[in-house]
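Summary of the model geometry
What follows is each chain in one-letter form.
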Amino acid sequence: MGARSSTETALRVLAALLDEPTWKQAELARHVGVSTQTVKRCLEELEAAGVPLVSDKDHPHVYWSVPRSWLPDGVNLPRELLVDLLRRVARGATGTHDRLLAHLVDATPDLRDMVARVQAAHVADGTGFSSSMMAALEDASDSHAVVLTYRKSRKAPVESRVCSPACFVDRHQHLLARCHTTGRARRFRLDRILAVHTVPGAEHRPLSDDEIKEQLSGAVDGFRSPGSLVSVRFRLMGPASEVGWMIEDLPEDLHVEDIDEGYLVHGQTGALGKLAAKLVTWGAVVRYDDEDLRREARRVVEAAAGVVGETGGVG
């Protein structure tokens with residue numbers, strides 16, 4: 001065997017381990033082109049330097065292994081897992097300067113367009129929705145139509161809906177898309193989507209920016225009444241540990257400000273009754289600062305009291 005420098009031998013050994021994580025010592029020596037004693041010494045030096053090598057003697061052989069996902073100063077990810085990691089990071093990244101996302105995109109420039117689609121499709125983060133179905137909807141955004149296998153309610157029959165997805169809304173409770181049956185923007189509850197499939201040859205009919213803005217503006221839990229938006233202003237009084245979760249349950253386009261002993265919330269809504277009904281369930285922590293919202297909350301309470309009276313109370 002020809003003489004090799006120790007550096008060249010170490011590089012060849014590392015390259016072999018990256019290609020195949022487990023080697024018989026004798027076979028590795030033949031592969032690298034050095035003696036068995038030389039490769040043994042090289043492996044021991046690499047182990048001492050921090051490479052996570054493990055040796056296992058099984059007479060007459062000696063096996064050397066590194067973890068399958070090992071990479072010097074990193075982790076070796078199969079492309080399928082790398083794509084999944086990129087999607088997850090893109091969903092949670094804020095803005096375009098996230099260091100981890102930027103590093104991953106620089107290392108995989110061919111996936112830059114996919115990352116842009118993922119970020120464009122999202123308006124919030126955090127959902128238990130199937131990652132594979134979410135990926136299918138992200139890739140359809142501004143690209144092509146899909147057919148949803150969908151159930152309108154728990155007891156409703158399963159049906160198919162062709163639509164052109166736009167983005168996830170209402171803190172990831174719904175998919176906003178154009179329904180091809182009605183031609184209008186519609187919300188589909190994510191927890192009722194059973195499957196997502198592409199529709200070869202179906203026309204892509206994306207929502208315009210104005211249509212998306214109109215759908216997001218003033219909606220509460222996906223509901224908005226016909227007519228103009230109305231201004232609302234209220235406070236949630238209490239420590240963050242007690243009322244902080246309520247902020248996460250409010251419409252995305254209401255403004256929240258920290259104040260002494262709580263939060264000030266203000267903005268516009270097209271679902272005054274829906275918002276009032278939500279606030280009523282939170283009880284005394286809510287302080288109503290405008291008369292319309294206070295009046296609507298009072299109406300919700302009186303209507304609920306009337307129902308209880310008619311049915312003889314709750315048994």
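Higher on the page you've got the structure.
In what follows, the accompanying structure is described.

Calculation notes
- Residues numbered from 1 in each chain as written.
- Predicted model: local features only at pLDDT ≥ 70, side-chain atom pairs only at ≥ 80, totals over all residues.
- Heavy atoms only, no water.
- Helix = DSSP H or I, 4+ residues; strand = E, 2+ residues; numbered from the N terminus.
- Rg over C-alpha atoms; globule rule 2.2 N^0.38 Å.
- Buried < 20%, exposed > 50% of the residue type's maximum accessible area, 1.4 Å probe, protein only.
- Contact = heavy atoms within 4.5 Å.
- Phe/Tyr/Trp six-rings, centres within 6.5 Å; stacked < 30°, edge-to-face > 60°.
- Arc of directions from axis to C-beta.
- Pairing = 2+ DSSP bridges.

Regarding the overall build of the chain
Counting secondary structure elements, the chain contains 11 helices and 14 strands. Relative to the 2.2 N^0.38 estimate, which gives 20 Å for 315 residues, the radius of gyration of the chain is 29 Å and therefore markedly larger than a compact globule would have. The principal-axis extents of the C-alpha atoms in the chain amount to approximately 95 × 55 × 45 Å. The buried share of the chain, reckoned over its 315 residues, is 37%. For the chain, the share of sequence-separated contacts (at least 6 apart) that also reach a separation of at least 24 residues comes to 57%.

A few points about the packing of aromatic side chains
Summed over all chains, the structure comprises 2 aromatic pairs. Centre to centre, the rings of W245 and W282 are 5.6 Å apart; their planes meet at 75°, and the pair counts as edge-to-face. Of this pair, W245 sits in helix 9 (residues 240–248) while W282 sits in the loop between helix 10 (272–280) and strand 14 (286–288), and the two are 37 residues apart along the sequence.

Here's the deal with helix 9
Given 3.6 residues per helical turn, the α-helix brings residues three or four places apart onto the same face. Taken together, the buried positions of helix 9 are occupied by V243, G244, M246 and I247. Each buried residue of helix 9 sits inside an arc of 155° when the element is viewed along its axis, so together they form one side. Along helix 9, the residues that are exposed and aim more than 90 degrees away from the buried face are S241, E242 and E248.

Section: the pairing of strand 12 (residues 255–259)
Sheet analysis places strand 12 next to strand 13 (residues 262–269), joined by 5 bridges and oriented antiparallel. Across the sheet, residue D258 finds its bridge partner in strand 13, namely Y263. Counting the residues in the hairpin turn of strand 12 and strand 13 gives 2 residues, including E261, whose phi is positive at 65°.

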